[in-house]
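Architecture and fold: a report
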Amino acid sequence: MTRLRLFIAATLAAIGLSIAAAPEATAGFDIYWLPTGSSGWNSNANWSYTPGGAARPEGAPGAAFEENGVINNGGTATLGTAIIQDVGGVSLGQAAADSGTLSITSGGVFNSVVSPSTTGAAAIGVAGTGTLNVSGTGSFAATSLSVAGQAASQATFSGNAAVAISGSSTISRNLRITGPNVNFNSATGVTFQGTSVLTHEITSGSSQSPVKSAASVALGGNLAVQFNGVTPTAGNSWNLVDAAAITGNFANATIGGQVQVTGAPAPALGSAYRLRQTAGGANGQLLQVALETMLVLRVNRDTGELSIRNPLGAAVTQLDGYTISSPTIGSLLTSYKGISGAPAGNAGWEKATGNSANGLAEFKPTGSFNVSTAGTSVTLGTGFSKTAVASKGLGVNGEDLQFTYHATGGGVVSGQIEYVGTQFLNNIALIVNTTTGIASLKNDTLTSLSIDGYSILSSTGALNGATWTSLADRAGTYPNWQESPTTTNALSETNPVAPLAIPAGQSISLGNIGNFATQLAKDGLSMKFILGNESTFRMATVSFTSGAALAGDYDNNGRVDGADFLLWQRGGSPNPLSAGDLATWKSNFGATSAVGAAAAVPEPAACVLACAASLAVVAGRRHRQ
């Protein structure tokens, strides 16, 4: 039919006549894939003039006859040899409910070219779902490439695939490039839309296949870097883009900033994966992910001491300036010593005249400071107040420090922050030992707070009411507290008579509340509480420690000290006011255990449970007049 139409048109044109063009002629003629499974592109029996119609005798579509290949029925067209004839365009998944796949393997050669009424474009997902796979030594060529439609639309290039786009590419969904030997080149540019995901699967320790263009590559959407079978080492870098110009940023990774990767060990302190742009490559500009070493600012929460460290021997031979900022909290102390202070770590340094609680800076007007030796540590003196956040309101995180430095002849580098010591949580806190399940309720603020209800929630069902030591269990010490029915998802109690005053810094043991050995269980844990003078709930801070239970450590902070004695006096030990608990404290006074803490944010499921449990606690609280 198509060939006959074209023959008649050509014959009439030769004698000076014409026929009316059909509406679809400006975009060529769509020829539809028939198999709903997997079959060869070149097979004559696989193509029809209409969706689901009879196979046409002419077979696969061809550009010579102004034909596009369309796969809409969920089927997969495979190609492991040269295409029987170049096609005028290819479209996979046209309507929202449509889907189609084109898979080109070793030996496959696919060409989509311009004809009088076709554009040679490749549309991988229009309104539906399209999938293009080019692997092995397969090759794919088109005048333009679009990956769009439904969220699952994807183009995947792996092995020694060669993908040549003579025009531009627009990626609105997923583009995945695997390994160092793919050659993907889009001559007049590539645009990553805000809905796109560029995934680089890195299988080599030293190289990766970049997205290439002799024009501009505009970044957008998200970047995913996945290592597979590779253990990166400091100094390694991988090219992600090679273009004449690189503009924009990814939503989750900005140029110059850190990149989260998967499939590789977490980088050691003093190193990080960074996204960087540098001159080079075939087209002039490279976008790389690199495992870089850097200086670290150590912040001792307990003493306030600041120090600049070089754990891994970052090549900083000419340090000539640094800045420490606390943009939101203002937790810095202008009285800090700095490098210029006595005894000076290095002569010739000067503090900036505008130093404040929000920013400290120091520079060396002439010369520089070699801090490149691994293990170097330069003390700056006391410059941090962990309790400065107390003035910002209950629950505000007080750790917002940023650290940058400059080396002669180089640019500004973002260093890392290393906090050591005990964090000031600035909130009512639930502190849980993940080894033992023992928890404590702590007022980690500078003022006494009164609560008359709380709920501990677990979206993963990790709580254990049988081993929980509630306030109601110690009625002699904490009168009038009433438990709600316990479940593996919620432990709640309220006081309908009077709120409980918890002095600043005091902890109350809650016994073993459950099993939080897994990350999933930790992520699903949250706590809500209500202050005695308020009618709405607040979120507590959840903090985790680890290590074997330390006898006499009644506040669960990893040391046996005077605070545990005060807790015993107030009935907060496992056996309230007992001589046995006092003897345990005396015999273990001064003991410590290695513990680590990390704040946790409630998962959405935990928040839903919190809302449900809130109703139960409020219901109990309303009885108090």
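It should be noted that the structure appears before, not after, this text.
Here is a short report on the structure shown in this document. As the structure is a prediction and not an experimental result, all values here were calculated from the model. (Residues numbered from 1 in each chain as written. Predicted model: local features only at pLDDT ≥ 70, side-chain atom pairs only at ≥ 80, totals over all residues. Heavy atoms only, no water.)

Quick look at unusual backbone geometry now. Residues other than glycine seldom take positive phi values, yet Glu 66 does so here, at roughly 60 degrees. Here Glu 66 lies in the loop between β3 (47–48) and β4 (67–71). A positive phi is found at Asn 480, a non-glycine position, where the angle reads about 75 degrees. Within the element layout of this structure, Asn 480 appears in the loop between β37 (449–458) and β38 (482–483). (Helix = DSSP H or I, 4+ residues; strand = E, 2+ residues; numbered from the N terminus.)

This model, assessed by the stated rule, comprises 10 salt bridges. Put simply, Glu 292 and Arg 276 hold a salt bridge, and the shortest N to O gap is 2.9 Å. Pair noted here: Glu 292 is in strand β25 (residues 284–293) and Arg 276 is in strand β24 (residues 271–280), with a separation of 16 residues, a long-range link. The salt bridge partner of Arg 301 is Glu 399, with a shortest N-O separation of 2.6 Å. (Salt bridge = Lys/Arg side-chain N within 4 Å of Asp/Glu carboxyl O.)

Attention shifts here to the packing of aromatic side chains. Here the structure, examined in full by the defined rule, presents 14 aromatic pairs. With a centroid separation of 5.1 Å and 85 degrees between ring planes, the pair formed by Trp 41 and Phe 110 is classed as edge-to-face. Taken as a pair, Trp 41 in the loop between β2 (38–40) and β3 and Phe 110 in strand β8 (residues 109–111) lie far apart in primary sequence, 69 residues in all. Taken together, the ring pairs connect Trp 33, Trp 41, Trp 47, Phe 110 and Phe 140 into an aromatic cluster. (Phe/Tyr/Trp six-rings, centres within 6.5 Å; stacked < 30°, edge-to-face > 60°.)

It is worth spelling out the environment of Gly 505 at this point. You can see Gly 505 is positioned in the loop between β40 (500–502) and β41 (507–512). Sequence separation between Gly 505 and Thr 445 is 60 residues; the distance between their C-alpha atoms is 6.4 Å. Excluding its chain neighbours within four sequence positions, the residues that come into contact with Gly 505 are Lys 442, Asn 443 and Thr 445. (Contact = heavy atoms within 4.5 Å.)

Formed by 59 residues in total, the largest nonpolar core has its most connected members in Trp 41, Leu 102, Phe 110, Phe 140, Phe 157, Leu 175 and Phe 184. The dominant element in this core, judged by the number of residues it contributes, is strand β22 (residues 237–248), at 5 residues. In contact with Leu 175, not counting residues within four places along its chain, are Ala 155, Phe 157, Phe 184, Phe 192, Val 197, Leu 198, Thr 199 and Val 211. Within the second largest apolar cluster, 30 residues are counted, among which are Leu 430, Leu 441, Tyr 454 and Ile 456. (Core = buried A, V, L, I, M, F, W, Y, C linked by side-chain atoms within 4.5 Å. Buried < 20%, exposed > 50% of the residue type's maximum accessible area, 1.4 Å probe, protein only.)

Residues in a regular strand project their side chains so that they alternate between the two faces of the sheet. Buried residues dominate β41, accounting for 5 of its 6 residues. Direction of pairing for strand β36 (residues 438–444) relative to β41: antiparallel, over a ladder of 5 bridges. Bridging across to β41, Leu 441 finds its partner in Ile 508. (Pairing = 2+ DSSP bridges.)

With that settled, consider helix α3 (residues 562–569). Asp 564, Leu 567 and Trp 568 are the residues of α3 that are buried. All buried residues of α3 lie within an arc of 100 degrees about the axis, which places them on one face of the element. (Arc of directions from axis to C-beta.)

A separate point is the sheet that holds strand β7 (residues 99–104). Here 9 strands make up an open sheet; going across it, the order is β2-β5-β7-β10-β13-β16-β19-β21-β23 and the pairing parallel. Each edge of the sheet is formed by a strand with only one pairing partner; in this case those strands are β2 and β23 (261–262). Sheet topology places strand β5 (residues 73–79) next to β7; 5 bridges connect them, and they run parallel. Bridge assignment links Thr 76 to a residue of β7, and that residue is Thr 101.

Right, let's talk about the sheet that holds strand β26 (residues 296–300) for a bit. As a general point, the strands of a sheet are linked pairwise by backbone hydrogen bonds and lie either parallel or antiparallel. Pairing within the open sheet is mixed, and its 4 strands lie in the order β31-β27-β26-β34. Each end of this open sheet is capped by a strand with a single partner; those strands are β31 (376–382) and β34 (416–420). The sheet shows a mean angle of 20 degrees between the axes of neighbouring strands, direction not considered. Examined bridge by bridge, β26 and strand β27 (residues 305–310) share 4 bridges and lie antiparallel to one another. Among the inter-strand pairings, Leu 297 is bridged to a residue of β27, identified as Ile 308. (Axes fitted to C-alpha atoms, helices over the stretch in contact; angles between N-to-C directions.)

Moving on to the pairing of strand β28 (residues 319–325). The element β28 is extensively covered by neighbouring structure, given that 6 of its 7 residues are classed as buried. As paired strands, β28 and strand β30 (residues 359–363) are joined by 5 bridges and run antiparallel to one another. Each bridged residue has a counterpart across the sheet, and for Thr 323 the counterpart in β30 is Ala 361.

So, about the packing of α3 against helix α4 (residues 579–588). Helices that pack against each other are described as a pair by the angle of their axes relative to one another and the distance between those axes. Two numbers describe how α3 lies on α4: the axes approach to 10 Å, and their chain directions differ by 175 degrees. Compared by their axis directions, α3 and α4 come out roughly antiparallel. Taken together, the residues of α4 that come into contact with α3 (itself represented by Asp 564, Phe 565 and Trp 568) are Asp 581, Leu 582 and Trp 585. (Parallel < 35°, antiparallel > 145°, perpendicular 65-115°, else oblique.)

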